[in-house]
Amino acid sequence: LSLRNIRPCFGYAKIIEAGELANKLINYENNEYDESILMFIHALKAYLDYHNEINFIDSKLTIIQCTYEDLLEKLKLTFDDNILGGCLLLSAKEYSESDFTALKQLIYDRHSVRQFSKEPVDLNDLFAAIECAGHCPSACNRQGFRVHIVCKDKMSVFNDWFEGVGGFADEIDKMLLITGKISTYRAGEEFQYIVSSSVFAGYLTLTLQAKNIGCCFIQRPVLHTKKWEKVSTELGISADEQIICALGVGNYLPEYKVPVSHRLSVDKIVTVHGHELRIKG
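Notes on the structure follow.

The rules behind these values
- Sequence order sets the numbering: in each chain, residues are counted from 1 along the sequence as written.
- At least 70 in pLDDT is required for a residue's local features to be given in this predicted model, at least 80 for side-chain atom pairs to be given and counted, and no such filter applies to totals for whole chains, interfaces and linings, which use all residues.
- As a rule here, side-chain values come from all non-hydrogen atoms in the structure, and water together with hydrogens is ignored.
- Exposure above 30% relative accessible area and no salt bridge define the residues that can form patches, which grow by joining like charges within 9 Å and nonpolar side chains of Val, Leu, Ile, Met, Phe, Trp and Tyr within 5 Å.
- Accessibility throughout is a Shrake-Rupley quantity obtained with a 1.4 Å probe, and a residue counts as covered only by protein chains that appear here.
- Basic side-chain nitrogens of Lys or Arg form a salt bridge, by our definition, when they fall within 4 Å of a carboxyl oxygen of Asp or Glu.
- Helical segments are the DSSP runs of H or I of at least four residues, strand segments are the runs of E of at least two, and each set is numbered from the N terminus.
- Here's how the labels work: a residue is buried when its accessible area is under 20% of the maximum for its type, exposed when over 50%, partly exposed in between, all with a 1.4 Å probe on protein chains only.
- At least two DSSP bridges between two strands are required for those strands to pair.
- To get an axis, fit a line to the C-alpha atoms, keeping to the stretch in contact for a helix; angles then go from 0 to 180 degrees between the N-to-C directions.
- If an angle is under 35 degrees, it is roughly parallel; if it is over 145, roughly antiparallel; if it lies from 65 to 115, roughly perpendicular; otherwise it is oblique.
- It is the rotation of the near helix from the far one that decides the hand of a crossing: anticlockwise by less than a right angle makes it left-handed, clockwise makes it right-handed.
- Contacts: residue pairs with any heavy atoms within 4.5 Å of one another.
- Residue polarity is assigned by list, with Asp, Glu, Lys and Arg as charged and Ala, Val, Leu, Ile, Met, Phe, Trp, Tyr, Cys and Pro as nonpolar; anything else, Gly included, falls into the polar class.
- What counts as a ring pair is set by centres within 6.5 Å for rings of Phe, Tyr and Trp (its six-membered ring), and what kind of pair is set by the plane angle: stacked under 30 degrees, edge-to-face over 60, tilted for all other angles.
- Only Lys NZ and Arg CZ are tested; either one counts as a charge over a ring when it is within 6 Å of the ring centre and within 35 degrees of the ring normal.
- Disulfide: a pair of cysteine sulfur atoms within 2.5 Å of each other.

1. Things to note about a nonpolar patch on the surface
- Among the surface-exposed residues, Leu264, Val266, Ile269, Val270 and Val272 lie close enough to one another that they form a single nonpolar patch of about 480 Å² accessible area.
- With respect to the helices and strands, the residue valine 270 is situated in the segment after α8 (266–269).

Spelled out as structure tokens, the structure:
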């Protein structure tokens, strides 16, 4: 619906498949997917509204209409102004150079921190940072990333898993486990859950910075290991979730040391393919 030229009755097979899945989830009475089902229903409404506007009639569209009405009836839904699916018409925004400078400063101020104060990180601040980071790009808006906040009193679960962290484990106030939900992607899309989860983790480092929370990436194998199996079992994390990375977090000290993180010049990491010229200056 967000393309310039829309092919009437596009995506029929996927809509029918999604409708069948939504019905199964409703029958299972598993509220974990309530929001996902609502997003699908709202998107269906926008889909049908578009076809009504162009006066398109087709037997496939009639089946989609029935799918939509069946879901509405099952959930006893009425619509309000809170649109969860469909598309929006936006006006292009012009950001000033000072906006870019502020963002650049936030990014440049972020460092991997390994020295923290003894003051616990406020959970409300963590939730605010996570909620904001959740607006990151996500392939097909599937949002297959999850966060597990492990507090100080549960840190012993990482005794074997902290190998190679480098002697600062005791400094960490809380551990954020970023996982990818494997079932978010179907067969033929193996390991795609790693991509969206990694994008989310990158955004989260910046939203944590904006909430004055220090953090450090802790890399763990992104494939299933016995150590991850032990940690996930002890924490009650679903077998459908695979660890992508962890962020050790804590409040800042008035002064703290960080590694020098020199960045390669843009000319060393970028290759332009085509005839565009870069004007230096």
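2. Some thoughts on the pairing of strand β2 (residues 174–181)
- A large share of β2 lies buried, amounting to 8 of its 8 residues.
- Taking every second residue as pointing to the same face, both faces of β2 are buried, with Lys174, Leu176, Ile178 and Gly180 on one and Met175, Leu177, Thr179 and Lys181 on the other.
- Of the strand pairs in this sheet, strand β1 (residues 145–150) and β2 are connected by 6 bridges, and their pairing is antiparallel. Within β2, the position partnered with histidine 148 by the bridge is leucine 177.

3. Some words on the sheet that holds strand β3 (residues 213–218)
- Spatial strand order, β1-β2-β4-β3: 4 strands in an open sheet with antiparallel pairing. Only two strands of the sheet have a single neighbouring strand rather than two, namely β1 and β3. Adjacent strand axes in the sheet meet at a mean angle of 25 degrees when their direction is disregarded.
- Sheet topology note: the β3/strand β4 (residues 241–251) ladder contains 6 bridges and is antiparallel. Each bridged residue has a counterpart across the sheet, and for phenylalanine 217 the counterpart in β4 is leucine 247.

4. Points about the packing of helix α5 (residues 123–133) against helix α6 (residues 193–210)
- At a minimum axis distance of 8 Å, the contact between α5 and α6 shows a crossing angle of 135 degrees. Between α5 and α6, the interaxial angle falls into the category oblique. Two packed elements cross with a definite hand, and for α5 against α6 that hand is right-handed. Here Leu126, Ala129, Ile130, Cys132 and Ala133 of α5 lie close against α6, whose contacting residues are Phe200, Tyr203, Leu204, Thr207 and Leu208.
- Across the contact of α5 with α6, the residue classes tally to 9 nonpolar, 1 polar and no charged.

5. Regarding the packing of aromatic side chains
- For the structure shown, the criterion picks out 6 aromatic pairs.
- Cation over ring: arginine 114 sits above phenylalanine 168, and NZ or CZ is 5.7 Å from the ring centre.

6. Side note on the environment of glutamate 35
- Tracing the chain through its elements places glutamate 35 in helix α2 (residues 34–53).
- Classification of glutamate 35 by relative accessible area gives exposed; the value is 62%.
- Counting along the chain gives 49 residues from glutamate 35 to leucine 84, while the straight-line C-alpha distance between them is 8.3 Å.

7. Let's talk about the pattern of salt bridges
- Across all of its chains, the model carries 8 salt bridges by this definition.
- Aspartate 49 is the partner of lysine 45 in a salt bridge, and the nearest nitrogen-oxygen pair spans 3.1 Å. You can see lysine 45 and its partner aspartate 49 sitting in helix α2, 4 residues apart, about one turn around the helix.
- On the basis of relative accessible area, lysine 45 is assigned to the partly exposed category, the value being 29%.

8. Things to note about the state of the cysteines
- One pass over the structure, following the stated rule, counts 0 disulfides.
- A disulfide-free cysteine, cysteine 216 has its sulfur positioned 7.4 Å from the sulfur of cysteine 215, the nearest such atom.
- The class of cysteine 216 is buried, set by a relative accessible area of 2%.
- Of all cysteine sulfurs, the one in cysteine 215 lies closest to cysteine 245, which takes part in no disulfide; the gap is 9.5 Å.
- Among the residues examined, cysteine 245 registers a relative accessible area of 6% and is labelled buried.

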